[in-house]
Structures are given as C-alpha cells and as structure tokens.
Number of protein chains: 2
Amino acid sequence: MARPREFDEEQVLQRALEVFRAKGFEGATLDELEQATGLHRGSLYGAFGDKRRLFLKALARYLDTALGERLAVLETPQAGRTEILALFQGLARDAACDRERKGCLVTNCAIELADRDPDLACQAARSLDRFERAFAAAVRQAQARGEIAATHDPVRLARFLTVCMEGMLVLARARPDPAWLDDAVAAVAEVLR
Amino acid sequence: MARPREFDEEQVLQRALEVFRAKGFEGATLDELEQATGLHRGSLYGAFGDKRRLFLKALARYLDTALGERLAVLETPQAGRTEILALFQGLARDAACDRERKGCLVTNCAIELADRDPDLACQAARSLDRFERAFAAAVRQAQARGEIAATHDPVRLARFLTVCMEGMLVLARARPDPAWLDDAVAAVAEVLR
DNA sequence: TCGGTTCTTGAACGAACGGTCAGAAATATC
DNA sequence: GATATTTCTGACCGTTCGTTCAAGAACCGA
C-alpha cells in the first residue's frame, strides 16, 4: 500500500512524555521534542497533530501507565494499609532515583497550566479525584481489617493522603532530599494507625 | 534635580508579583506586566532591569510579605500547636478566597523553573528549609508544653508539615475545593497530638 | 516495473516574545 | 525662564516559537 512508519508510536510518546515531564508543556520546545524522539517535526505533526494534542496523548499515556499502575494497586479490592504505604514508599523511591527531578507530569502541569489552559489543567487535576476515591476505598478496607483505627473519617483521610502525595511530588521536583521524603513516608505511616 | 517617578515602586512590584503568581515566570508576558502595572516596558526596565531581575525582586517581596508573615508567627519563641494550626487554617482560608487560584508563588515557580532556571528554583525552594526549621522549633515548643506528644520526632514532623503545606498549595491551584482543604486541616490537627 | 500512497525531510512562514533606543515630556536647580 | 537630568513613550530589533508545505524517499500491490 504505502510506506510504513519507521518509528514505534508508543516509544515516541514515552520519549515526548519525559520531555514534557521535565520541561513542562510550554517549556518543551519542538526542537527538544525532535531531539528526544528522533523524529522530525513534520512526522510528529503527521502522527499526533499539534503540540497540544501530542501533550494530551502523552498525558493519557502517563495516566494509563505510571499513574495507572499506582492506582491499580490501590484499587484492588484487597488493598489496605500495606498498599497505601507501598504507594508512598514508591513515591519516595522514584524521587530518589529521579536525578533529573522531573517530578510528576500531572502535578507539574496542573500547576503550570492552571491559568493558561484550564481544560488541560482540569484534565490533569481530575486524577486527584481518582486518588481520593482509591485512597478512601483502601482506608475503608484497612479499617474493616483493623489495620487503621475506625475513628478516622475515610474521605477526610483519603483527601489528606492525596494532599500528602502532592506535597511529596512538589518536594521531589523542587527540593529533592531522600531523607526528607523518607521522613514524610514515616510520618504517613504514623498517621495510618 | 530631575523628573520624579510617577509610580510607587512597591505597588508596581506587588502588581507584577500577582501576574507572576498567576501566570508563572515564563508565562507572564511583558504586555501583561505592562497592563497590570500601568507602566511602559521602558520604565520597567529602567527601574528593575530585565524580566528575570523583576521576578527576583517580586520573589523577594513575596518572601518578605506573604511568606514572611506566616513565618514570623511561626518563628516567635512562644509559637506552638496553636500557631502551627493557624498557619494551615490560613492556607485553607486564603485558598478559598483566591478565586483566580493563583496559589503560592514559591510553589508554582519552584516547579516551573526546576529544570529551566535552577538558580531561581533553588532560591524559591530555599524557603522550604525555613519552614522546616520554623515548624521544628514550634513543634519542640509545643512538646515542651505538652500540646503535642513527645514521641514525635520534631524534625520528621516538621518535614511532614512542610510536605502537607506544599500539598495544600498544589490543591489550592490545581483543584480548589474548600471542603478538601478543610479536611486536610482537620487531619493535620489530628496528627498534631 | 510501475503507479499510488504514505512517510520523511528541509526550508520557510507569521506571530509573539524579550529587549533596546532615540526622542518627547517633565521637573528641580540656578 | 533656561538648562540639566531623569523619566516616559512609541516604535523597532533580533530571536525563538509553533506550524505549514512542497518536494523527495520508501514501500506495497498490480
């Protein structure tokens, strides 16, 4: 029929994602995206549309993969205190390995785009609601098992855990200090009693 | 001697600050800064230097005023549990009033500039350390008075409180829901026992 | 081998950006 | 009131950005 593509769309999207994660949406230039993906602008536009749509697809991929994995663990019916703590430990571990301090695509761009592109920002921020629900379900499960005191209000605690998570993601990017994040994880563990 | 200035430097700086807070450093254009301050670019450059130095002065002002007030309360020798909680309540209150969801200049720009201008980002992020120290001192004071359990490690708790604060500032900008932040404040109050 | 289709490539475009500069305007001093 | 000095103003500059487009390259089916 015709000439086949010379690149793997998923791999290109992942590379673009990393650029957006490090530089932000507006901060990521097409030159950088070209260099990171190894693709010419024309190919990027042909395959993904304009920069905004490329970002949207990268964001969708991030929600499906990186965040999706975290949420999936949390959303299993058996998830309880262990899984909540594992999520925070994972945050601290990832931040310690993230030498480029890219942080979290959702957190970074929700802040960057809050005033500039409300649609994008809202789409990014909506994942906070998913975490709230997943945390709340895990808290209820943990309370039913006696892992967490029943005196906690599940929704309130879930919202608080979401706040803690976002705070850790800020520090992961702005002030990367493994010990700091480890202290935060330990404190979360104390809260979950 | 010569023609006097027709503007109040502090007032202009405050207006510029609000623009940076809402739009970010790179997102704030000189057109917007002109419109917000009522000054021509030439006057801005004459008075403050280039955009980066204008931002630096706005940041310094923010550290002195908005953040300075919060830190001052926390840094008084008598500060204890009440002052810590008042800070978080103030965060929630300010976020509820902040209909443009500007959030916090330091948080926004520390994230935006982490990869783009490490010097600026570092300068912004350094305030986190001040909060860590101030929180730790207040925690120790509160423990000495029996307001908080002595079993808490002051530094660990201080770091955790800083994380919680940053998380609330993310939500203030990305997902402004007064009830959410109130729940977070209530949860912090439970932690401080 | 050839035609048709898709992908790739390089160059170029208009727009918006930060920054600059010379002249007009305005004041305090003499 | 003349002058010197500073501030203000409008136009302009070079750069960089996202985006487009036409021509070249590569492939599949006939």
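Predicted model only: the values in this text are computed from it and were never measured. (Residues numbered from 1 in each chain as written. Chains lettered and ligands numbered in written order. Predicted model: local features only at pLDDT ≥ 70, side-chain atom pairs only at ≥ 80, totals over all residues. Heavy atoms only, no water.)

A. Fine view of the overall build of chain A. Within chain A, the secondary structure is distributed over ten helices and zero strands. Reading chain A from its N terminus to its C terminus gives the helix and strand order α-α-α-α-α-α-α-α-α-α. The principal-axis extents of the C-alpha atoms in chain A amount to approximately 60 × 40 × 30 Å. Scored against the burial criterion, the 193 residues of chain A give a buried share of 56%. Taking the average place of the 28 positive charges on the side chains of chain A and the average place of its 30 negative ones, the gap between the two points comes to 1 Å. (Helix = DSSP H or I, 4+ residues; strand = E, 2+ residues; numbered from the N terminus. Buried < 20%, exposed > 50% of the residue type's maximum accessible area, 1.4 Å probe, protein only. Lys, Arg positive; Asp, Glu negative; His and termini not counted. Charge placed at Lys NZ, Arg CZ, Asp CG, Glu CD.)

B. View of helix 5 (residues 66-75) of chain B. Residues and elements named next belong to chain B. Those residues of helix 5 that fall on the buried side of the exposure criterion are L67, G68, R70, L71 and L74. Taken around the axis of helix 5, the buried residues stretch over an arc of 165°, which confines them to a single face. Where helix 5 is buried, its residues meet helix 4 (51-64), helix 6 (81-97), helix 7 (105-113) and helix 8 (118-144). (Arc of directions from axis to C-beta. Contact = heavy atoms within 4.5 Å.)

C. Region of the structure containing the environment of N108(A). On the secondary structure map, N108(A) appears in helix 7 (residues 105-113). Owing to a relative accessible area of 4%, N108(A) belongs among the buried residues under this scheme. A C-alpha to C-alpha distance of 24 Å links N108(A) and E9(A), two positions 99 residues apart in sequence. Sequence-distant contacts of N108(A), defined by excluding residues within four places in its chain, comprise R21(A), K102(A), G103(A), R173(A) and I111(B).

D. Expanded view of the relation of the copies chain A and chain B. Superposing chain A onto chain B takes a rotation of 180° combined with a translation of 0.0 Å along the rotation axis, leaving an RMSD of 0.0 Å. Taken together, the rotation angle and the small translation identify this as a two-fold axis. Within chain A, G167(A) has its C-alpha nearest the rotation axis, a separation of 1.8 Å. The fraction of interface residues of chain A whose copies in chain B are also interface residues reaches 100%, indicating that both copies meet through the same surface. (Least-squares fit on C-alpha atoms with pLDDT ≥ 70 in both.)

E. Highlighting the packing of helix 5 (residues 66-75) of chain A against helix 6 (residues 81-97) of chain A. Residues and elements named next belong to chain A. Interhelical geometry of helix 5 versus helix 6 gives an angle of 160° and a closest axis separation of 9 Å. Judged by the inter-axis angle, helix 5 sits roughly antiparallel to helix 6. The way helix 5 lies across helix 6 gives a crossing that is right-handed. Two secondary-structure elements touch here, helix 5 through R70, V73 and L74 and helix 6 through E83, I84, L87, L91 and D94. Classifying every residue of the contact of helix 5 with helix 6 gives five nonpolar, no polar and three charged. (Axes fitted to C-alpha atoms, helices over the stretch in contact; angles between N-to-C directions. Parallel < 35°, antiparallel > 145°, perpendicular 65-115°, else oblique. Left-handed = near helix turned anticlockwise from the far one by under 90°. Nonpolar A, V, L, I, M, F, W, Y, C, P; charged D, E, K, R; others polar.)

F. Fine view of the pattern of salt bridges. All names here are of chain A. The final tally for this structure, using the stated rule, is 36 salt bridges over all chains. Among the ionic pairs, R130 bridges to E75, the shortest N-O distance being 3.6 Å. A residue pair is termed long-range when its members are at least 10 positions apart, and R130 in helix 8 (residues 118-144) and E75 in helix 5 qualify at 55 residues. Judged by its relative accessible area of 34%, R130 falls in the partly exposed class. (Salt bridge = Lys/Arg side-chain N within 4 Å of Asp/Glu carboxyl O.)

G. The packing of helix 2 (residues 30-37) of chain B against helix 3 (residues 41-48) of chain B, seen in detail. Residue and element names in this part refer to chain B. Across the interface, helix 2 lies against helix 3 with an axial gap of 9 Å and an inter-helix angle of 90°. Relative to helix 3, the element helix 2 lies roughly perpendicular. Touching L30, D31, L33, E34 and T37 of helix 2 are R41, L44 and Y45, all from helix 3. Grouping the constituent residues of the contact of helix 2 with helix 3 by class yields four nonpolar, one polar and three charged.

H. Spatial organisation of the UniProt feature "DNA-binding region" (unreviewed entry) in chain A. According to UniProt, the positions carrying the feature "DNA-binding region" (unreviewed entry) are residues 29-48 of chain A. As a span, residues 29-48 of chain A carries 80% helix and 0% strand, and end to end its C-alpha atoms are 15 Å apart. (UniProt positions renumbered as here; feature names shortened; annotations may be inferred.)

I. Geometry of the interface of chain A and chain B. Opposite the 43 residues of chain A that make contact, chain B presents 43 residues. A combined buried area of about 3,900 Å² lies between chain A and chain B, and 63% of that area is made up of carbon and sulfur atoms. Linking chain A with chain B are eight salt bridges. Taking the shortest distance from any N to any O, the salt bridge between D183(B) and R156(A) comes out at 3.8 Å. Linking chain A with chain B are ten residue pairs in polar contact (both at pLDDT 80 or more). Elements supplying a minimum of two residues to the side of chain A that touches chain B: helix 1 (9-23), helix 7, helix 8, helix 9 (154-174) and helix 10 (178-191) of chain A. Tallying contributions element by element places helix 9 of chain A first for the side of chain A that touches chain B, with 13 residues. (Buried area = accessible area lost by both parts, 1.4 Å probe. Polar contact = N/O pair within 3.5 Å; in protein donor to acceptor, adjacent residues only side chain to side chain.)

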